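Understanding the architecture of this molecule
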Amino acid sequence: MSTESKPLVFVTGAAGFLGFQVVHQLLEGGYAVRGAARGRKISLLRKALEKYPQFEAVEITDIATADYTAAFKGVGAIIHTAAPLPGRADSETALKSAIEGSLHILREAQKAGIKKFVATGSMVTFPENAYGPNDWVPVTKEQAVEGNPFVLYIAEKKFGEQAVLDFADKHPDMDITIFCPPWIFGPFAPGFEHIVPEPDFAAFSTDGFVYQLLRSDNVNYHYSPGVLDVRDVARIHIAGLNPLTPDHPKRVPIVSPHDADFREAIKHIYEERPELRGRLADPSTVPVWPTYKIDLDLTPVEKAFGISLGSYKTWKETILDSIDRFIDVENQWTSKGFKFEVPTAPPM
Ligand SMILES: NC(=O)c1ccc[n+]([C@@H]2O[C@H](COP(=O)([O-])OP(=O)(O)OC[C@H]3O[C@@H](n4cnc5c(N)ncnc54)[C@H](OP(=O)(O)O)[C@@H]3O)[C@@H](O)[C@H]2O)c1
């Protein structure tokens, strides 16, 4: 399909782990993209995607207060991934970014006549094993500000999603979808190495847990079952731009149908990348859980967005492809003379 028939897509958090993957897939899919980033990441983003003339990077310093008048010119759809991860912002900023950030973008989008809006929610907003449209984890705004970064994150995402759904109810002329992934892992999209020209482990986001498999004394693992490959999360967001059914669900939990056990991950790297054997974490340090996946009915995702059950990346693909990209990034740093080691602190 030509770019003429596809809207210009505005992507927030475009230099982030997920946002960059979304932008890359959009560009490869023939979309023109305007990606928002802030600070130094704007120039890094431009460099990373310089081979795509249909990409433009714009500065949005704070999603909650920015003037979008120029940024939304010609835009036909928005994919909103930007939000602070646990520990990355104080409570006021986190809640404001997630709630007011989403609402501000939606209001400005409405003014600009943009009808399609896809946002990244989180599976942490659902209580355990309850994934209905009205199932919410019972965290309060008061609990959010008590000092636990994960409670803050859960609240930020919950109240952010609720604000978006409330807006969607009041504006049925807009097509609004929130996709709620669990832990996101997987390979950096091509070009992401330019986002990390020197050691910057915060930019690895949750993928830092996979990176830490390359440390023999590692003891850090993600804290609960449920994963999804970043490539699947990105393509599902893009599928959200063209739902197959007009009455599609608006808050959509998404998860890998495959078991994701880090013991298996270590074993697979051991077998497939023998040169890394000396660096690998000890499988006996991986937490033992009753299950290594979340049982979720993915039929609604297939019916409404065309994502077939057999199309999700396998755990082995997620792991090996991630590791290969980490090695690319490390090789880049080494060739520039940087000294670094896999961090000992958990990524979040
Ligand atoms: N990673 C996961 O396991 C996971 C799971 C479920 C849902 N999610 C959601 O997925 C989305 C992307 O996460 P990610 O893993 O890609 O994290 P990430 O790499 O940290 O990307 C998030 C991006 O948002 C930007 N951002 C945050 N607050 C902002 C603000 N107030 N104004 C402008 N930009 C802001 C960050 O910019 P800077 O780099 O400049 O700070 C960053 O580029 C988030 O909404 C997150 O809640 C992630």
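Shown above is the structure to which this text applies.
Read on for an overview of the structure. All figures in this text were calculated on a predicted structure; none of them were measured in a lab.

**Details of the site of the ligand**
- Taken together, 27 residues form the shell around the ligand, and within it Lys 41, Thr 81, Tyr 153, Ser 205 and Thr 206 come nearest.
- At 2.9 Å, a backbone N or O of Phe 17 approaches an oxygen atom of the ligand.
- At 2.8 Å, a backbone N or O of Leu 18 approaches an oxygen atom of the ligand.
- Relative to its free-state accessible area of 890 Å², the ligand is covered by the protein chains to the extent of 89%.
- Those elements that place two or more of their residues in the shell around the ligand are helix H1 (17-28), helix H5 (149-170) and strand E7 (183-185).
- Looking at the shell around the ligand, its residues break down into 13 nonpolar, 10 polar and 4 charged.

**Examining unusual backbone geometry**
- Look at Asn 129: it is not a glycine, yet its phi comes out positive at around 60 degrees.
- The residue Asn 129 is located in the loop between strand E5 (116-120) and helix H4 (141-144) in this model.
- Looking at Asn 129, the relative accessible area reads 60%, which means it is exposed.
- We note that Ser 205 has phi near 55 degrees; this positive angle belongs to a residue other than glycine.
- Structurally, Ser 205 is set in the loop between E7 and helix H6 (208-211).
- According to the relative accessible area criterion, Ser 205 is buried, its value standing at 9%.

What counts and how
- Residues numbered from 1 in each chain as written.
- Predicted model: local features only at pLDDT ≥ 70, side-chain atom pairs only at ≥ 80, totals over all residues.
- Heavy atoms only, no water.
- Near = heavy atom within 4 Å.
- Polar contact = N/O pair within 3.5 Å; in protein donor to acceptor, adjacent residues only side chain to side chain.
- Areas by Shrake-Rupley, 256 points an atom, 1.4 Å probe, with all protein chains shown as cover.
- Helix = DSSP H or I, 4+ residues; strand = E, 2+ residues; numbered from the N terminus.
- Nonpolar A, V, L, I, M, F, W, Y, C, P; charged D, E, K, R; others polar.
- Buried < 20%, exposed > 50% of the residue type's maximum accessible area, 1.4 Å probe, protein only.

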